[in-house]
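Given next are the chains, with one letter for each unit.
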Amino acid sequence: MNRVVLITGASSGIGAALAVAYARPGAHLSLGGRNQERLAEVAAGVAARGAASSIDTIDVRDATAVADWIAASDQRAPLDLVIANAGISGGTHGGPETPEQTRAIFAVNLDGVLNVVLPTVPRMTARRRGQIAIISSLAGYRGLPGAPAYSGSKAAVRAWGEGLRGDLLPQGVKVNVVMPGFIKTPMTDANRFTMPFLMSAERAAAIIQRGLAADRARIAFPLPTAFVAWAMGALSPAIVDPLLRMLPKKN
Ligand SMILES: NC(=O)c1ccc[n+]([C@@H]2O[C@H](COP(=O)([O-])OP(=O)(O)OC[C@H]3O[C@@H](n4cnc5c(N)ncnc54)[C@H](OP(=O)(O)O)[C@@H]3O)[C@@H](O)[C@H]2O)c1
C-alpha cells in the first residue's frame, strides 16, 4: 500500500483527484502545482479524509527547484510513490502549431517529467523500493494533427517510461505508464467537440490507483478509446492519416 505519495500538478483535474484518492489516515501527500490557492483547497480535501499533506508551489520546468523539493519530501518520509502528472496541452487554432507553443508543451510534458523522475530514481534504487507513475496519454500512441507537440511529448514519456520500467525492475523500483483517454478537467473543458467516453477525474483516479496497485506496465483506459488509439498507432499511415485529418481539432 502506497502511504507516502508525491504528485505534481496536484492543484487541478487528475492530479487533485489522485491526491484525494490516496488520502487516508496514516498517509502523507506531497502536493505540487503552481496555483497555491487551488493546492490549499486540495490539501483541505486530503485533510478531511484523515491524511497529512504538504503543498509547494513548484514549476516542473525548474529542474533545481524540483530536485530540492523531491529531496526534502523524501527526507521527511521516504517516498513510496511519485506521480509525474503535471502537463499542458494546446490547440493549433486551425493552423500549424507555433514554435513557441511546441517548445512550451515539450518543456512541461517532457522536461518536466524528466525533472521529476530523474532525481527520484537514485533515491528509490538505493533502498530497492518505490514506484514511479508517468502520466502519458492515449494521444501518445500516435502523432496527431491538431496536437503535434502534445502527442509527441506524450509518446516520448510513454516510450521512456516503458524502457525505464525494464531498466529499474532488477533494482526493485516499479515504473508504470498511464495513458488516459478523455477525462473531464479544465484541460478538456476547452474542447469544443464531442469527446467519446469522457469520464470524471475521480473515476480516472480510481482506475489509475487500481492499475498502480496491480503494477500494470501500461494503464490505458477507457478500453474502447484505448483500442482505437492503439490501432491508429499500429496501422499504416496510408490508412490512418486521411482518417485523422477528418477529426475535429482543439482550438
Ligand atoms: N484531461 C484529459 O483528458 C487527459 C487525458 C490524457 C492525459 N492527461 C494528462 O493528465 C495530466 C493532468 O491533466 P489534467 O487533465 O488534470 O489537466 P489540468 O486540470 O489542466 O491540470 C494540469 C495540472 O498540471 C499543472 N501544471 C501545468 N504546468 C505546470 C508547470 N509548469 N509546473 C507545475 N505544474 C504544472 C497544473 O498546475 P496549476 O493549475 O497550478 O498551474 C495542474 O495542476 C496531464 O499530464 C495531461 O496531459 C489528461
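Everything that follows concerns the structure shown earlier in this document.
Here's what I pulled together on the structure shown here.

1. Overview of the overall build of the protein
Here comes step 1: Helices and strands together make up the secondary structure of the protein, namely 9 helices and 9 strands.
Here comes step 2: With respect to the three principal axes, the spread of C-alpha positions in the protein is 50 × 40 × 35 Å.
Here comes step 3: Relative to its 251 residues, the protein shows a buried fraction of 50%.
Here comes step 4: When contacts within the protein are restricted to residue pairs at least 6 apart in sequence, those whose partners lie at least 24 apart make up 68%.
Here comes step 5: Accessible area of the protein: about 11400 Å², with a carbon and sulfur share of 59%.
Here comes step 6: Positive and negative side-chain charges of the protein, numbering 26 and 17 respectively, have mean locations separated by a distance of 7 Å.

2. Topic: the packing of helix H4 (residues 99-127) against helix H5 (residues 148-168)
Here comes step 1: The interhelical angle for the contact between H4 and H5, taken along N-to-C directions, is 15°, at an axis separation of 8 Å. Comparing the axis directions of H4 and H5 gives the class roughly parallel. The chirality of how H4 crosses H5 is right-handed. Where H4 approaches H5, its residues Thr 102, Ile 105, Phe 106, Asn 109, Leu 110, Val 113, Leu 114, Val 117, Leu 118, Val 121 and Thr 125 are matched on the opposing element by Ala 149, Tyr 150, Gly 152, Ser 153, Lys 154, Ala 156, Val 157, Trp 160, Leu 164 and Leu 168.
Here comes step 2: Classifying every residue of the contact of H4 with H5 by side-chain character gives 15 nonpolar, 5 polar and 1 charged.

3. Topic: the site of the ligand
Here comes step 1: Residues in close proximity to the ligand total 32 residues, the closest being Ser 11, Ser 12, Asn 35, Tyr 150 and Thr 185.
Here comes step 2: Between the ligand and the protein, one listed contact pairs an oxygen atom with a backbone N or O atom of Ile 14 at 2.8 Å.
Here comes step 3: The element that contributes the greatest number of residues to the shell around the ligand is helix H6 (residues 186-189), accounting for 3 residues.
Here comes step 4: Split into classes, the residues belonging to the shell around the ligand amount to 14 nonpolar, 13 polar and 5 charged.

4. Some words on helix H3 (residues 63-76)
Here comes step 1: With 14 residues, H3 extends 20 Å from end C-alpha to end C-alpha; this agrees with the ideal 20 Å at 1.5 Å per step.
Here comes step 2: In this fold, the buried residues of H3 make contact with strand S1 (4-7), strand S2 (28-33), strand S3 (52-57) and H4.

5. Here's the deal with unusual backbone geometry
Here comes step 1: Between Phe 221 and Pro 222 the backbone carries a cis peptide bond, its omega angle lying at -10°.
Here comes step 2: Its identity as a non-glycine residue notwithstanding, Arg 128 has a phi of 50°, on the positive side.
Here comes step 3: Relative to the assigned elements, Arg 128 resides in the loop between H4 and strand S5 (131-135).
Here comes step 4: Of note in the backbone geometry, Phe 197 takes a positive phi value of approximately 55° without being a glycine.
Here comes step 5: Relative to the assigned elements, Phe 197 resides in the loop between H6 and strand S8 (199-200).

6. Side note on the sheet that holds strand S6 (residues 174-180)
Here comes step 1: With parallel pairing, 7 strands are arranged side by side in an open sheet as S3-S2-S1-S4-S5-S6-S9. Bordering the open sheet on either side are S3 and strand S9 (218-221), each of which pairs with just one other strand. Averaged over all adjacent pairs, the angle separating strand axes in this sheet is 15°, with direction ignored.
Here comes step 2: Where strand S4 (residues 81-84) lies against S5, 4 bridges are found, and the strand directions are parallel. In the strand pairing of S5, Leu 81 is matched with Gln 131.
Here comes step 3: Relative to the sheet, helix H2 (residues 36-48) contacts S2 and S3, its axis offset from that of S3 by approximately 175°.

7. Let's talk about the packing of aromatic side chains
Where two aromatic rings form a pair, the distance of their centres and the angle of their planes describe that pair.
Here comes step 1: One pass over the structure, following the stated rule, counts 2 aromatic pairs.
Here comes step 2: When the centroid spacing of 5.9 Å and the interplanar angle of 35° are considered together, the rings of Phe 227 and Trp 230 count as tilted. With Phe 227 and Trp 230 both in helix H8 (residues 223-234) and 3 residues apart, this pair spans about one turn of that helix.
Here comes step 3: The exposure class assigned to Phe 227 is exposed, which follows from its relative accessible area of 52%.

8. Focus: the pairing of S5
Here comes step 1: Burial analysis of S5 places 5 of its 5 residues in the buried class, the great majority of the element.
Here comes step 2: Residues of S5 alternate between two faces, with Gln 131, Ala 133 and Ile 135 on one and Ile 132 and Ile 134 on the opposite face, all of them buried.
Here comes step 3: Both S5 and S6 contribute to a ladder of 5 bridges, which runs parallel. Counted as the bridge partner of Ile 134 is Val 177 from S6.
Here comes step 4: Once you follow S5 into H5 and on to S6, the crossover reads as right-handed.

What counts and how
- Residues numbered from 1 in each chain as written.
- Predicted model: local features only at pLDDT ≥ 70, side-chain atom pairs only at ≥ 80, totals over all residues.
- Heavy atoms only, no water.
- Helix = DSSP H or I, 4+ residues; strand = E, 2+ residues; numbered from the N terminus.
- Buried < 20%, exposed > 50% of the residue type's maximum accessible area, 1.4 Å probe, protein only.
- Contact = heavy atoms within 4.5 Å.
- Areas by Shrake-Rupley, 256 points an atom, 1.4 Å probe, with all protein chains shown as cover.
- Lys, Arg positive; Asp, Glu negative; His and termini not counted.
- Charge placed at Lys NZ, Arg CZ, Asp CG, Glu CD.
- Axes fitted to C-alpha atoms, helices over the stretch in contact; angles between N-to-C directions.
- Parallel < 35°, antiparallel > 145°, perpendicular 65-115°, else oblique.
- Left-handed = near helix turned anticlockwise from the far one by under 90°.
- Nonpolar A, V, L, I, M, F, W, Y, C, P; charged D, E, K, R; others polar.
- Near = heavy atom within 4 Å.
- Polar contact = N/O pair within 3.5 Å; in protein donor to acceptor, adjacent residues only side chain to side chain.
- Expected span 1.5 Å × (residues − 1).
- Pairing = 2+ DSSP bridges.
- Phe/Tyr/Trp six-rings, centres within 6.5 Å; stacked < 30°, edge-to-face > 60°.
- Right-handed = clockwise from strand over helix to strand, strands pointing away.

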